[in-house]
Every structure is written in C-alpha cells, then in structure tokens.
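Residue-level listing of the chains:
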2 protein chains.
Amino acid sequence: MSPYDDSATRQRNTRQRHAVAALLADVNDFRTAQELHGLLRDRGERVGLTTVYRALQTMADAGELDVMRLPSGEQLFRRCSSTHHHHLVCRSCARTVEVAGPTVESWADRIAGEHGFVDISHTVEIFGTCPTCASV
Amino acid sequence: MSPYDDSATRQRNTRQRHAVAALLADVNDFRTAQELHGLLRDRGERVGLTTVYRALQTMADAGELDVMRLPSGEQLFRRCSSTHHHHLVCRSCARTVEVAGPTVESWADRIAGEHGFVDISHTVEIFGTCPTCASV
DNA sequence: ATGGATGCAAATATTTTGCATTTTG
DNA sequence: CAAAATGCAAAATATTTGCATCCAT
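Values in this document were obtained by computation on a predicted structure and should not be read as measured data.

Caption draft 1: Structural view of the overall build of chain A. Counting secondary structure elements, chain A contains 5 helices and 6 strands. Ordering the α and β elements of chain A from the N terminus gives α-β-α-α-β-β-β-β-α-β-α. Counting all 136 residues of chain A, 34% fall into the buried class. Pairs at least 24 apart in sequence give 48% of the contacts found in chain A among residues at least 6 apart. Of the roughly 7,900 Å² of accessible surface on chain A, a fraction of 49% belongs to carbon and sulfur atoms.

Below, the structure written as structure tokens:
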C-alpha cells in the first residue's frame, strides 16, 4: 500500500456513492437512512434506498461515519466530525441541542482502559423536557 | 392518591405479568424480549410473545425497567437497579461490564440544567473490544 | 472483459396492532 | 359485570439479501 493512498475505502467511485457522501458533507448531522434517501430524491439524485443503506454501511465500516440509534430503533448516520459532541434531546418535541463533553470523553476512555477494552467508542444521549414544552 | 399507595402501576395482577416480573427478578440482567419469552417457555410458563412485549413496555413506562439497545437494534430489558450505572460492551462477544459514572451523572444534570431542560434522564454506552477478543 | 455496484422485489427481523375471547377486581 | 389483559394472526417498520443487469476500471 502506498504511503499516500488517499482512497480510504476500496470501493468504486460511483455516482450514487458520491451523491451520498456529498449529501452527508452538506448535512453534517445525524439522519436516518430513509431521510437521507428522501433528501437525495429532493436534490434530484436518483439513488435506490438499498444503495443508500449499502453505501452507509460501507462508510460506517470504514470508520467514516458515526452511527447512533434513536429510542425508536432507527439508526442515524452522520459524517464523522472531528469535534465530537453529544445530544440533549427533548422527549416532547425532539428539539436537539449539541453539547460538548470533554469530561465524558476522558471518563469513558479511562473506564474502558481500566477494563482492558480497546478501540473504544461511546454514545451519550441526554433526554429531558425542553423549556418550551415544560411551560405548556 | 393515597400516601401509601404501593401499586406503582395500575395494571391487573395476572399470571403472565407475574411470570415476567418474577423472571426479570431472577435474571437481573439485560435480555431481549424474545429471550425472555424463551426463558418463560423453559420454565413451563405459557405466555404469548405479544404479552411479554406488552408487559415489558408497561413496566418500562412505569420506570421499573431499564432499556438499552444493542448495536444490532434489538432492545434489551432489565429490572431497574437502584444503583444507576452504565455499560461497557464488547462489540465482538457482547460481554458487558457495568460501570459506575458519578462524573457523568452530574455532568449530564448540569448540562441539561444549563439549557433549561427538566425531568432529565440519560443513557451512556461505551463500546470497545474486550481483552479476550482483542488478543485473538 | 470482469468483478464490484445497482436496484427492484422479496425476505428477515423486530415490534406493534386489530379483535375476539378470557380473566381480574 | 365492566374493564383490562391475553393471544393469535396480520400489520407496520427497518434493514438485508437474491439476482439479473449495469458500469467503472
């Protein structure tokens, strides 16, 4: 493997995968596969839902995407951001606030290390009722 | 509401719900609905899968159960432990270590409070590869 | 040309719901 | 007896797979 191999993945450079990657770059936030598929539709891109799922899975396996799961069970995908953060989500209206958590990051790494776990990732979700919904 | 009302839930006291509750008390660990249903079978209890799901949902809504989700998407249920803790889960073999996180608790409460959110709950899952799986 | 990628349809898997019947209080 | 719970079958949801075709290399 050459030292400057910039193809992180071994996949082919298809229109569809490019469209998915471009969309994720623009959105830069967690979306379900189905939402992403719909957004591609809106952009006039013609990509099958199956292909969206496959592209997302490939990218996630390659470590290019963060994946989290909604309480309802759908998985959410987002382009990996160098600025790792978590979410504070309103149970009632789903309003989401991104919060940074350096405290949690180091805590998670330390805890995992103490148990000999490697290749650590973590998810933190805080649920509550936002001020607007609470005042109704 | 009487001050010493010990019926946390308003449900009826059926054989099936009792069986599910008793099983959860014995298992005292995270299990899928299907696994719990199978265990009831093994015990000779005759409870429909639908009923298991409904009992679990009712108990979870009542705050009697903790619910988490596997990376694969199935939800896991466990009798609430009074000692709130989080999980360090091996991606490969699903081995789970329970870890306490006072740091995270206070962090989550503070962050949520700063944004005016009330009635806070949170989930933290740490994923990694356990020592055994990593050495293979 | 050749093997990976696509996309439709169908299969899976998990969880929920309609509804007739049974059971609890 | 009335309301709630059960359980079967069917629906709903999310995601994956078979396979014939297409296209990037």
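Caption draft 2: Structural view of the protein's contact with DNA strand D. Residues in close proximity to DNA strand D total 20 residues, the closest being Y53 of chain A together with R12, T14, T51 and R54 of chain B. Those atoms of DNA strand D that come within 4 Å of the protein belong to sugar or phosphate at a rate of 58%. At 2.6 Å, a side-chain N or O of Y53 of chain A approaches a phosphate oxygen of DNA strand D. Separating a phosphate oxygen of DNA strand D from a side-chain N or O atom of Q57 of chain A is a distance of 3.4 Å. Those elements giving two or more residues to the surface near DNA strand D turn out to be helix 3 (49–61) of chain A together with helix 1 (15–27) and helix 3 (49–61) of chain B. With 4 residues, helix 3 of chain A is the single largest residue contributor to the surface near DNA strand D. For the surface near DNA strand D, the residue count by class is 2 nonpolar, 11 polar and 7 charged.

Caption draft 3: Inspection of the relation of the copies chain B and chain A at higher detail. Superposition of chain B onto chain A requires a rotation of 178 degrees combined with a translation of 0.2 Å along the rotation axis, giving an RMSD of 0.9 Å. Considering both components of the superposition, the chain copies are consistent with a two-fold axis. In terms of proximity to the rotation axis, the leading residue of chain B is V124 of chain B, whose C-alpha is 2.1 Å off the axis. The residues that chain B uses at the interface reappear at the interface of chain A in 100% of cases, marking a shared surface.

Caption draft 4: Fine view of the interface of chain B and chain A. Listed as interface residues are 39 residues of chain B and, on the opposing side, 39 residues of chain A. Of all residues in chain B, R69, W107 and F117 of chain B give up the largest surface area on contact with chain A, accounting jointly for 23% of the area buried on that side. Viewed at the interface, chain A and chain B are joined by 0 salt bridges. Here chain B is connected to chain A by 4 residue pairs in polar contact (both at pLDDT 80 or more). When residues of the side of chain B that touches chain A are traced back to their parent elements, those giving at least two are strand 4 (86–90), strand 5 (96–99), helix 4 (102–114), strand 6 (118–129) and helix 5 (131–134) of chain B.

Caption draft 5: Examining the packing of helix 1 of chain B against helix 3 of chain B more closely. All names here are of chain B. Running from N to C, helix 1 and helix 3 point in directions that differ by 65 degrees, and their axes come no closer than 10 Å. With respect to helix 3, the element helix 1 is oriented roughly perpendicular. In the packing of helix 1 onto helix 3, the handedness of the crossing is right-handed. Along its contact with helix 1, which presents Q16, R17, V20, A21 and L24, the element helix 3 presents T51, V52, A55, L56, T58 and M59. A class-by-class count of the residues in the contact of helix 1 with helix 3 yields 7 nonpolar, 3 polar and 1 charged.

The rules behind each value
- Residues numbered from 1 in each chain as written.
- Chains lettered and ligands numbered in written order.
- Predicted model: local features only at pLDDT ≥ 70, side-chain atom pairs only at ≥ 80, totals over all residues.
- Heavy atoms only, no water.
- Helix = DSSP H or I, 4+ residues; strand = E, 2+ residues; numbered from the N terminus.
- Buried < 20%, exposed > 50% of the residue type's maximum accessible area, 1.4 Å probe, protein only.
- Contact = heavy atoms within 4.5 Å.
- Areas by Shrake-Rupley, 256 points an atom, 1.4 Å probe, with all protein chains shown as cover.
- Near = heavy atom within 4 Å.
- Polar contact = N/O pair within 3.5 Å; in protein donor to acceptor, adjacent residues only side chain to side chain.
- Nonpolar A, V, L, I, M, F, W, Y, C, P; charged D, E, K, R; others polar.
- Least-squares fit on C-alpha atoms with pLDDT ≥ 70 in both.
- Buried area = accessible area lost by both parts, 1.4 Å probe.
- Salt bridge = Lys/Arg side-chain N within 4 Å of Asp/Glu carboxyl O.
- Axes fitted to C-alpha atoms, helices over the stretch in contact; angles between N-to-C directions.
- Parallel < 35°, antiparallel > 145°, perpendicular 65-115°, else oblique.
- Left-handed = near helix turned anticlockwise from the far one by under 90°.

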